[in-house]
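Survey of secondary and tertiary structure
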Amino acid sequence: MIQPAISFEQVHKTYSNGVDALEGVSFSVDPGEFVFITGASGSGKSTMIKTLLREINVTSGSVSVFGEDITQLDHHQIPFLRRQYGVVFQDFKLLMDRTVYENVAFAMRVVGATPSEIRSRVPDVLFLTGLTSKAKVYPGQLSGGEQQRVAIARAVANNPKILLADEPTGNLDPEIADQIMDLFMDINEAGTTVLMITHARDLVNKLQKRVITMEKGKIVRDQKCAEYAVPEGDVHED
Ligand code: ADP
């Protein structure tokens, strides 16, 4: 049997202040799937990603990644869990005092890549992300869209099985957001599972991928190839 890439079973998360951020969340994602997570602010989307990264522990329920219940991992196993992921955030989180090349190389070095692996891989991911001519440039000299490309190059450098993205187009103009989304699609088509939080209604509608909609800690819709489904009145659009 093929294990799901990600599986949440009856996950509850209550923060120490008593807020119930997740209330019985269950879903699974197949290897190679592309899934959007939408929902109003405070509905529990980021808590799901933090749970997957084991930045937080769930209160009850199980979370499995390729069949392994990650809620049961010891502390020393968490770095190995995180090596299965690439992570992209809204605010890029680049090393501003290092060049584009060095930003990507650094991400490989910290997981033990050899200098020759780095020399062979970094040019490939810079090519994939359209950054070949920017290798020696510092992030501060790049546009927002280019900076997000660097973040994506860094996220895929170690060939992650799963790409987690939290509002990756939230700071970008619509046209640039389109291009960034195309890049995520290319990476997905090459086999990487993608879980992306977004409020970008137009992009979700255009791409016709699975959409899970959260509301107050619960999944209220889980649609294949869906139209954008965040309730009217949620003002968070990109
Ligand atoms: P979203 O990503 O959909 O905006 P979050 O997962 O960030 O939602 O938050 C879900 C709920 O949990 C919100 O009510 C938020 O205020 C609360 N919350 C998030 N992080 C914490 C925290 N570290 N401590 C206490 N409450 C939190």
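Residues numbered from 1 in each chain as written. Predicted model: local features only at pLDDT ≥ 70, side-chain atom pairs only at ≥ 80, totals over all residues. Heavy atoms only, no water.

**What to know about the nonpolar core**
Phe36, Leu126, Leu163, Phe184 and Met196 are the most contacted members of the largest nonpolar core, which totals 41 residues. At the level of elements, strand S3 (34-39), helix H3 (100-109), helix H4 (115-128), helix H5 (144-156), strand S7 (162-166), helix H6 (174-189), strand S8 (193-197) and helix H7 (201-207) are the ones that each hand at least two residues to this core. Broken down by element, this core gets its largest block of residues, seven residues, from H6. Structurally, this core is a two-domain feature, drawing no fewer than three residues from each of domain 1 (1-84 + 163-230) and domain 2 (93-159). Those residues within four positions of Leu126 in sequence are excluded, and the remaining contacts are Val100, Tyr101, Val104, Leu131, Thr132, Ala135 and Ala153. With 27 residues, the next largest nonpolar core counts Phe27, Ile162, Leu164 and Leu195 among its residues. (Core = buried A, V, L, I, M, F, W, Y, C linked by side-chain atoms within 4.5 Å. Buried < 20%, exposed > 50% of the residue type's maximum accessible area, 1.4 Å probe, protein only. Helix = DSSP H or I, 4+ residues; strand = E, 2+ residues; numbered from the N terminus. Domains from an automatic or database assignment. Contact = heavy atoms within 4.5 Å.)

**Overview of the domain arrangement of the protein chain**
For the protein chain, the domain assignment lists domain 1 (1-84 + 163-230) and domain 2 (93-159). When each unit is reduced to the centre of its C-alpha atoms, the spacing between domain 1 and domain 2 is 24 Å. The interface of domain 1 with domain 2 comprises 10 residues on the first partner and 10 residues on the second. Applying the counting rule to domain 1 against domain 2 returns zero salt bridges. Counting the contacts that link domain 1 with domain 2 gives one residue pair in polar contact (both at pLDDT 80 or more). Of the residues forming the side of domain 1 that touches domain 2, the biggest block, six residues, is contributed by H6. Taken together, the residues of the side of domain 1 that touches domain 2 break down into eight nonpolar, one polar and one charged. (Salt bridge = Lys/Arg side-chain N within 4 Å of Asp/Glu carboxyl O. Polar contact = N/O pair within 3.5 Å; in protein donor to acceptor, adjacent residues only side chain to side chain. Nonpolar A, V, L, I, M, F, W, Y, C, P; charged D, E, K, R; others polar.)

**What about the sheet that holds strand S5 (residues 68-69)?**
In any sheet, the strands associate via hydrogen bonds between backbone groups, in a parallel or an antiparallel arrangement. Judged by pairing direction, the sheet is antiparallel, and its four strands sit side by side in the order S2-S1-S4-S5 without closing on themselves. Strands at the two margins of the open sheet, each flanked by one partner only, are strand S2 (20-29) and S5. With five bridges connecting them, strand S1 (residues 6-14) and strand S4 (residues 60-65) associate as antiparallel partners. Directly across from Ile6, in S4, lies its bridge partner Val65. (Pairing = 2+ DSSP bridges.)

**Side note on the site of the ligand**
In the region of the ligand, the neighbouring residues are Tyr15, Asn17, Val19, Ala21, Ala40, Ser41, Gly42, Ser43, Gly44, Lys45, Ser46 and Thr47. One of the side-chain nitrogen or oxygen atoms of Asn17 is found 3.4 Å away from a nitrogen atom of the ligand. Note that an oxygen atom of the ligand is positioned 2.7 Å from one of the backbone N or O atoms of Ser46. Sorting elements by how many residues they give to the shell around the ligand places helix H1 (residues 45-52) first, with three residues. Its residues assigned to classes, the shell around the ligand comprises four nonpolar, seven polar and one charged. (Near = heavy atom within 4 Å.)

**Re the side chain of Gln148**
Mapped onto the elements of the fold, Gln148 is located in helix H5. Polar contacts involving the side chain of Gln148 include one to the main-chain carbonyl oxygen of Phe89, which spans 2.9 Å. Within polar-contact distance, the side chain of Gln148 engages the backbone oxygen of Pro168 at 2.8 Å. Excluding residues within four positions of it along the chain, Gln148 makes contact with Val88, Phe89, Gln90, Phe92, Pro168, Leu172 and Ile180.

**Looking at H6**
The end-to-end C-alpha separation of H6 is 22 Å, in line with the 22 Å expected for 16 residues at 1.5 Å each. Here H6 has its buried residues at Ala177, Ile180, Met181, Leu183, Phe184, Met185, Ile187 and Asn188. At the C-terminal side of H6, Gly191 shows a positive phi close to 120°. (Expected span 1.5 Å × (residues − 1).)

**With respect to the packing of aromatic side chains**
The geometry of two aromatic rings is summed up by the distance between their centres and the angle between their planes. Here the structure, examined in full by the defined rule, presents two aromatic pairs. Summarising the aromatic geometry, the rings of Phe8 and Phe27 are spaced 4.8 Å apart at their centres and angled 20° between planes, so their arrangement reads as stacked. Here the residue Phe8 occupies a position in strand S1, and Phe27 occupies one in strand S2, the gap between them amounting to 19 residues. Judged by relative accessible area, Phe27 falls into the buried class, the value being 6%. The ring of Phe89 is capped by Lys93, whose NZ or CZ atom sits 5.0 Å from the centre of that ring. Just above the ring of Phe66 sits the side chain of Lys161; from NZ or CZ to the centre is 5.2 Å. (Phe/Tyr/Trp six-rings, centres within 6.5 Å; stacked < 30°, edge-to-face > 60°. Lys NZ or Arg CZ within 6 Å of the ring centre and 35° of its normal.)

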